[in-house]
Structure formats: structure tokens, C-alpha cells
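Fold and geometry: a report
Here is what each chain is made of, one letter per residue.
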Amino acid sequence: MWRLENMFFWNLMAAVIMLGQARPKLKQTLQSSSGLKSDCAGNLMKLSLDKALAVGNQLEVEALNGTQQILLTPSLAAQCGYSMESDPWGNTRIYTSLMACFVDNKEDTTFNVGLKLRMYSQSLPDVVSHDVRQTCSYTRWASKEILCDRNYMEVSHHIATPGAQAEAKGQAQEDNSKINTIPEASGAAHGIWKMTFYTPEPVSMVLREAEQAGYVAMMTQNRLVMRSPYNTAETNSEDVAGVPMEVFRVSAYYKAPHGLNVVNLAAACPTGGVLFTEDTISWHVPRRVTPLIDGSFKITEMHMGINGQRLDRSQMTTRGYTLTTTDFHIVTEIPVGSPDGYYKSHAPDYQYHITYTVEPMLEVLWRVDGTQDDTRYKILFPITTPLMPRPPHSQDMTVSEDRMFSVHVGTFLHDVELRNISFSTGVLTVEECNAKGFTVQEHVFPNETKSFSLNVPFDADVVLKHNPEPLVTSYFLPLVFGFIILPEDTPFAHPVDLQAAVQDVELPTVTGTCDQNLFYVSVTYGNQGRNFETLVGPRQLTFELAESYHLKENGTHFSLVVPFSAQDTAFELLASDSVRARLDMLLYEPNNNWVLADFYLACYFPLTTTKCYSNGTMTAMAVKVESVPNLSPAQLTLRDPSCKPSFSDDRFAYFTFSADSCGTTRTFSENYMVYENEIGLYYNNKQNHNKGVAYTSPVDPDYKQTISCYYVVNNTQQLSFGYKPRSKEPAAEIGSGELMVQMRLSHDPSYELFYGPEDYPVVGYLRQSLYFEVELMQLADPQLELILEKCWATLHQDRTSVPSWDIIVDGCENPDDGYMTLFHPVLSDARVSVPSHVKRFSIKMFTFTKDEEILRDQIYVHCDAVICDTNSREDGVCRGQCVQNTGSSNPRHQTVKGVKREQRSTDSTERRRLSSGPILLLTPHS
């Protein structure tokens, strides 16, 4: 429905009208009428008030009648022929009927209309007023004119010439004696005595009673005018050709010079008849308005207009308007969105809707057949479409590579404003969003619609994120846009959920090194921080465990120092003088059980498993290696099953026994006695022992470790002694010979397999251990000892070339080397008969660099060896391997990498010079 019951005529949304209220006593200021425009529109005067004048003000309208100023209240306006239409932003139109109460009428042809507008502003102390006066000329009066305005129905009839008698159609004439009797107290004025309303039952009122009931009846020079507001007691609703109409019928009795006359008047105004599609408004008005027409008739004129102003055919075509007739209706079609109307936003149930409002006018002139009487029928009919849902559309413009959420929300009408945005952390106003670096912008389009855009960086605190897979981060930005509709400040909201996935995760990394006793491990966090758990070996890195491993932590990494013998390491291989231990570390994300890094580090560590004491006591240590995972060290025994560990835990077993017990065997090798035993698992040993049966195993045990001790044999001989004076001291004869010394490179620390001449150059990786052995050949004299005085590495085969790097200095490791040389003990075995004739050491593979550039990817290793007599130790290198002279100096000069060796000289005839073949560095890109 286009009208509401008992609509409040003067109610505006942007310009508040003051009606009959006490006005403030403020100074009145007259201003120019800029923003005001008055037009004559047929039997109406239209005054347009621009929103620039009305917004923020309270508007009061007065009618000017000579020197009088009459405040137009809503009821008085409907009674006297004034109406107003205002859009929500204050654009206002005031219509005045030329037959209105306070219009100066000159012979029904010239009409002077006067209005005073008063503006009361809350911010300004003065009242702003505008006087509007407009003279309209209207001479094309039809015999009967019917005007349907927003708040009233008006009908005027040309007064019959003297002698003509008007009879009420279909109504029984009243008794002449009654008609001609006009009581003095009847209240008759302007020649009008009384009126009879048909509802359809007749209800009679004298003029004063009718005016008190809200009606107006008056006579001009040529016309009798009746006006009724809508929905009064004397109007009724009828359905005419399917269109609901408000109907007003009255017979007016007035005095004429020849006597009392009566005029039958009727008005019928549509209150419906509008059909809507998504694109078109169809307004149906009955072609035959039966309350107004009896018999056949002919339509002589038909006009369509907007806002009370007629449109010609070209104007209608340009706007897409049509005016057609059917058998039963006059149909006006208006496109939704025509520029003559306006859109308005609404938010019922906080959902965005819009309406479209337009005010068409229909003017029809018809003539009843057989008469000369014309009827002009004029309707001003504001139409508002039903609420049309317009859910906002959100367009995700995010480009993941830019790491910025970007969203556009729209479109909206111009009366919508964005007030705030709700994030996961709270609500921010638009100003606060921009202050935080979240760019909020309003985009206005030529059709007066708008949209809003928002940009939020991925790393903002309002963005949620999680990792659906190890290398991918999903970013979530839940939003609720909070809007208001002006001028009512009606709120509504629109939720938007944004999501983007980027492969931007940097995983943590683990690096590590070893020295002779410890693992050093460093864990560098990725860009997710420490969002992982750590396994060290089989155990989780708890606070207590981290404390025992000397954890050091900052915002980017943490480090651990783990002894090679710690519970969480694994022993891979046991050699005679070392053990290969491994440290495993696993970094995992606990929520999804993702492995982020899997690291292991294996190194050889010096380890003495057997010790031999001069009193014949032997000690041995057994180590649980990874290849025997189910081994319990407590179950190990020596050959004699009764010889069990003196101490054991879950990784080690310690044995202490004498050389003549626990099944130890003894053999002789030259001047040595060798005592051997074995540590192992011997099944069924308890059963066999109880039966007194010697243990024999059909298969080798699951674990076997040989223990050996070498003792020098003490020979006792009887010698005869006789004394005979000598004339001179005895002297030994000088003999001659050649001592041979060789240097070889071993495959591993077992020193069992060596590279031959055909294997050179040997290829190695950076920091790979290189195991060297230097041996005095073809001699069995235990009184001699081979001492490595100095060893160094060069780029070239020439042992005197530079640059060079010292490996052994004065018989000891080079203290300036970050990866210090390791000496390995030598024990007698099937190949080594005299351990003092052999020296073993290992270094880490390296290369020479200059300005971080590799000079050459190979090195040569050279040594100077000295043969010393163990019975006559002298100061210097023959004091023993790695025995420094107190206060000795070791001057060096820095060169490309390492130290330039000082040339040394000696007169010793026992020095031998050795060099290895080339050792090539295998680089990652090789």
C-alpha cells in the first residue's frame, strides 16, 4: 500500500517539522530564497525546498492570508488543501491547492499563494525564515474538478446559472418546506447552508458542524468546493475494477438569489492498484470510476506527470514511461530506478534492503455522453516499492604473494555509511582501522552507489592462522562490517570470512659438531618460532633434560651439549681405542605429528675399554651397541660364566679380574705375554655349569668382545763373573745401516686396511677424518721409539711450498688448529709387533682458502720423524710424543690459511722425511 493508515502528513526524516509547538523566542532573520523554487502546476502551486536548507533544521510552515499568518498543523493542512512530500534527506515539496483556504482568489482566474517557512536550527541561535509568494493563473476549469492529493480529496463544481436546478442523482429530494427553511442558528455562511453525506446512509450537518468534523465547504465566484481528509467518518472504501478507492459523496445546499439550490458532489481516490516486478512499476487506475460516472462517457485528454508536473510524449519516451488504456484500466508504467524517483536503504531484521519511491501524476479529462459537462480527474500518487533484498556482495581481491588481504564489499546506496569493523580481537572504528595500517576506503560510482574496501596485512594481530601442512600457512580473517543507514542511523551488519594459503613456512634446522667427548647441537627456529617439540634420542626434551644438557636459548635458536656417553646417544661401532656414537634429534609439531626436522650426528670418540695393571689385574668395559638392541649388559659374562660385571647399567658393563682367572688364556709372543679373555652372552651356561660340563657353543654368541693385555717377559739368566784388570776402556764398534720409515693413510680408525699407491689421489669430504699411520720398518728393537716431530699440509707436492698448515708441532697437536689433531694409541697385534715403532694420528679434511675462495681442492701431508733411543732420553723431541719443553716458543706467521712454518734444522742422523700422496676434496657441486 502506498499510504499508511492515519499517516502523519508533516513527518519528515531529515527536516523535522514543528507543528503547533511553543516556539523559541529567537531573533528572526530573513534570508534570500536560494534553494527554494515555486511553480504553478495546473490547479496546484508547488514549492520545492532544497535539502541544503532543510537538513538539520526544524521546519515550520505558515499560510499567509493578508496580514495573517496561520500555522499549518497536519489536520489543518489536510482540511484546507495543503500537502507536503519529503524524501529522507530533506528534499521537500509543498503543494497548495488553488482552492485552498488561505489563497487569495481573484474571480477564479488569478490566485495569490503565500507561505512562510521558518527554520529552527539546534546549532544556530537565530530563526531563519523565508517568505514565498507565487501568483498562478488558471482558467481551464472543467465543470467538475476532482483532486486526489496525499492527505485529502477535493472536488469543485461549477455553480449552475440562476433558474437551473440541481438534483441529487439517485437520492430522494427532501421536503421543500425543509429545504427552504434556514434556521438562523444553522451556521450557514458563504451561501452554504448544510451538507448531507452518504456513507451510504445520509448524514446531515450544517456548515459549522462539517468544519468541526474536519471538512471544508466554500463557494467562490463561480464554483462550490468540498474537501475531505482521508479516512474520515463520512468516507468509505470501495473496490472499483479491482482497485481499492476512498469515496466521498455529499449533497451541498446553498442559497441562491432565486432560492435554495443543491449540488451533488463526489470524489473517489485510489489507495492501491499498484503492481510491481523487479524492473517495472505498473499503476492501475479504473478507466470508469463508477462513483463518479453514470452512463457512457468519452476520455478527451489523458496526461501523465511526475511530482505534479505534466510530461509530454518525448519526455515520457526518454524516461521509459508509458501511459496506456485497457478495457478496465488506465495503466501507467514506470521503470524501477527512473531518475525522477529515489532509492532508499532499509535494514529490517538487520538485513540490507532497498526501496524505490516515485510520485507519478495522472490527469484525465472526460465528458459524459449527451452533456457538455467535463470532469477533470487529477491524482498525485506517491509509490514506494516493497522492500527489495540486496545482500551485500563481498569480492575477495587478495593476492597471496602480496601477503595482504584485500576485500571489496558493496554495492550500497549513498545513504549507507561504514561505521566500524569487528575483528577477532575486537571492534575498530574506521578511523582506528586506518590508524593501525588497515586501509579502509569508500568508492563512489557514477550511479550514486558506493562500495567499501579493506586491506589487512597477513601479519596483523587480527589475522588468525594455522598450518594445514608443514610448509603451508592458512591465514583467516573473519570480519563483520558494521553499517548505518542515514539519516535514521539504522544499523545493519555484513559478515565476511577471508582465507588465503601460502607456502611460506621456513622449517627449523639442526646442525652439530663433535669434539673428543661431546656433541654440540644447535637448533635454529624457522619463521614459525619454537612451535615444535624436540626428541633427543628416544626421549622428549623436558625442562630437566634440557638443564642437564646445558640448554641455551634465545629468540632464534637453542643449543645443547650432550656427552657421547649420555643415555640418549646410540653406540654404533666399538673399536680398540674408540667408539662410534650417534646422536639422533627429531623436531615435530605435536598437534599434527608432523616431522619438521630429522637429524643425526655420528662421531668417533676416544674410548679405552681395557686397562692392564702391573699387578696382573685387568679391567674391561663392555658397551651395548645398536646392532644388539635387546642386550642387557648385566647378562654379559667373561668366559667363565661366574665372572659377572662388577657394575652394570642399561648401556655399560664393567669387569675387574686377575689375569689368571675367569677363563683368561695366556700366550707368548717374542718378549711379551698376552692375556686374553672374552666378554659375551653364553646361553645355557647356568645349566652346563651345574652339570660340571665345560661350555661349548654350537654358534657364536650374540655379543663378543675380546680383551687383551700385553706384558713384557722378564728373563732371568745366570752369569759368571770374573775380574781382570783392563788396560783400556772397552769401546763398541761402529756399524752402519739404513732405517726405513713409511707413512700410510688408513680407510678407518681400525687401521686394518690402507690405501695403496694405486689409490691416490684419495677423495674426501670436508671435515672427514683422515687416519694416518707412520711406521719404522724392518726393526724389532723395542729400545727404539718412533717420534713424529712435526707434520704439515701443503697445496703442492713440494714439502717446502707455501701456503702450509701445521698439523703436529714439536711432537704435539697444533694448538691453533680449530679441529685439533688426535693421536691414537697403538697396541701389539698380529701386524704390529713393537707398538713404539708405530705412531697413529687423525686430522679433519680441510682446504686452503683466501678471501673465502678455495685455492685448490687438494692437499699433501708431510712429516718429519725422529728415531729415538728410549734408554737415553734427551731434552727435545725424544722426551716422548707430545712432551713440550717448558717455555718453548713456536713462532708462526699468518698466511692464506693457517700458519707459515718456520724452517728448522737439526744434525740428528735419525730424522726421516715422509710425504703422502694428494688427497682431493670432494665439494657438494662435484
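For the structure given in this document, a descriptive report is provided here. The shown structure was predicted, so the numbers you read here are calculated from the model rather than taken from an experiment.

Calculation rules
- Residues numbered from 1 in each chain as written.
- Predicted model: local features only at pLDDT ≥ 70, side-chain atom pairs only at ≥ 80, totals over all residues.
- Heavy atoms only, no water.
- Helix = DSSP H or I, 4+ residues; strand = E, 2+ residues; numbered from the N terminus.
- Buried < 20%, exposed > 50% of the residue type's maximum accessible area, 1.4 Å probe, protein only.
- Contact = heavy atoms within 4.5 Å.
- Areas by Shrake-Rupley, 256 points an atom, 1.4 Å probe, with all protein chains shown as cover.
- Pairing = 2+ DSSP bridges.
- Axes fitted to C-alpha atoms, helices over the stretch in contact; angles between N-to-C directions.
- Salt bridge = Lys/Arg side-chain N within 4 Å of Asp/Glu carboxyl O.
- Disulfide = S-S within 2.5 Å.
- 1 Å grid on protein atoms, 1.4 Å probe; cavity = no way out; pocket = protein on both sides within 12 Å on 5 of 7 lines; lining within 4 Å.
- Points joined across faces, edges and corners; volume = space filled by probe spheres on them.
- Nonpolar A, V, L, I, M, F, W, Y, C, P; charged D, E, K, R; others polar.

A closer look at the overall build of the protein chain
Secondary structure assignment for the protein chain yields 8 helices and 72 strands. Across the 926 residues of the protein chain, 48% fall into the buried class. Pairs at least 24 apart in sequence give 65% of the contacts found in the protein chain among residues at least 6 apart. Carbon and sulfur atoms provide 49% of the accessible area of the protein chain, an area that totals close to 47500 Å².

Comments concerning the sheet that holds strand β34 (residues 404-413)
In spatial order, the strands read β33-β34-β38-β37; together these 4 strands make up an open sheet with antiparallel pairing. In this open sheet, the two strands that pair with only one neighbour each are β33 (393-396) and β37 (439-444). Looking at each pair of strands side by side, their axes are set apart by 20° on average, direction ignored.

Considerations on the sheet that holds strand β17 (residues 223-229)
Strand order across the open sheet formed by 8 strands is β16-β17-β13-β12-β30-β29-β23-β24, with mixed pairing between neighbours. Across the chains shown, the open sheet's two edge strands, defined by having one partner strand only, are β16 (216-219) and β24 (309-310). Sheet analysis places strand β13 (residues 152-158) next to β17, joined by 7 bridges and oriented antiparallel. Each bridged residue has a counterpart across the sheet, and for Glu154 the counterpart in β17 is Arg227.

Points about the pattern of salt bridges
Under the definition given, this model contains 37 salt bridges. The salt bridge involving Arg118 is made with Glu60; its shortest N-O contact spans 3.7 Å. With Arg118 in strand β10 (residues 110-121) and Glu60 in strand β5 (residues 57-65), this residue pair connects regions lying 58 residues apart in the sequence. In terms of burial, Arg118 and Glu60 fall into one category: buried. Here Asp415 makes a salt bridge to Lys344, at a shortest N to O gap of 3.1 Å. You can see Asp415 sitting in the loop between β34 and β35 (416-423) and its partner Lys344 sitting in strand β27 (residues 342-346), a full 71 residues away along the chain. Exposure class is identical for Asp415 and Lys344. Each is buried. Beyond isolated ion pairs, a larger network of salt bridges with shared partners links Glu85, Arg93, Asp149, Arg150 and Glu359.

Structural notes on the pairing of strand β50 (residues 594-606)
Bridge analysis of strand β49 (residues 578-589) against β50 gives 12 bridges, and the strand direction is antiparallel. Bridge assignment links Ala581 to a residue of β50, and that residue is Cys603. In this antiparallel pair of consecutive strands, β49 and β50, the connection spans 4 residues, and Asn593 shows a positive phi of 60°.

Some thoughts on unusual backbone geometry
The omega angle of the peptide bond from Gly410 to Thr411 is -10°, so this bond is cis rather than trans. Here Thr411 is to be found in strand β34. Cis geometry is found at the peptide bond from Tyr760 to Pro761, where omega equals 0°. Along the chain, Pro761 turns up in the loop between β58 (740-746) and β59 (762-764). Residues other than glycine seldom take positive phi values, yet Asp108 does so here, at roughly 60°. Its place among the elements puts Asp108 in the loop between β9 (104-106) and β10.

Description of the state of the cysteines
For the structure on display, the rule yields 9 disulfides. Residue Cys514 pairs covalently with Cys603 via a disulfide, S to S 1.9 Å. A torsion of 70° about the S-S bond marks the disulfide between Cys514 and Cys603 as right-handed. Note that Cys514 is positioned in strand β42 (residues 509-514) and Cys603 in strand β50, a separation of 89 residues in sequence. Judged by relative accessible area, Cys603 falls into the buried class, the value being 11%. Each disulfide pairs two cysteine sulfurs, and for Cys612 the partner residue is Cys709, the sulfurs being separated by 1.8 Å. One quick way to see it: the torsion about the S-S bond of Cys612 and Cys709 is about -95°, and its sign makes the bridge left-handed.

Focus on empty space enclosed by the protein
Tallied over the full model, the rule gives 1 cavity of 30 Å³ or more. As for the largest cavity, its lining consists of Asn43, Ser97, Leu98, Met99, Trp141, Glu145, Ile146, Leu147, Glu154 and Ser156. The set of elements that each furnish at least two residues to the lining of the largest cavity consists of β12 (144-148) and β13. In terms of residues, the lining of the largest cavity owes the most to one element, β12, which gives 3 residues. A breakdown of the residues in the lining of the largest cavity according to their chemical character gives 5 nonpolar, 3 polar and 2 charged.

Re the environment of Lys144
Positionally, Lys144 belongs in strand β12. When the C-alpha atoms of Lys144 and Tyr377 are compared, they prove to be 8.5 Å apart, with 233 residues separating the residues in sequence. Discounting chain neighbours no more than four positions away, the residues touching Lys144 are Val155, Ser156, His157, Arg223, Asp374, Thr375 and Arg376.

Quick look at the pairing of strand β38 (residues 449-457)
Within β38, 8 of the 9 residues are buried, which leaves it mostly tucked inside the rest of the structure. Sheet analysis places β34 next to β38, joined by 9 bridges and oriented antiparallel. If you follow Met404 over to β38, its bridge partner there is Pro457. Both β37 and β38 contribute to a ladder of 6 bridges, which runs antiparallel. Of the residues in β38, the one forming a bridge with Val444 is Lys450. Hairpin geometry of β37 and β38 is characterised by an intervening segment of 4 residues between the two adjacent antiparallel strands and by a positive phi of about 70° at Glu448.

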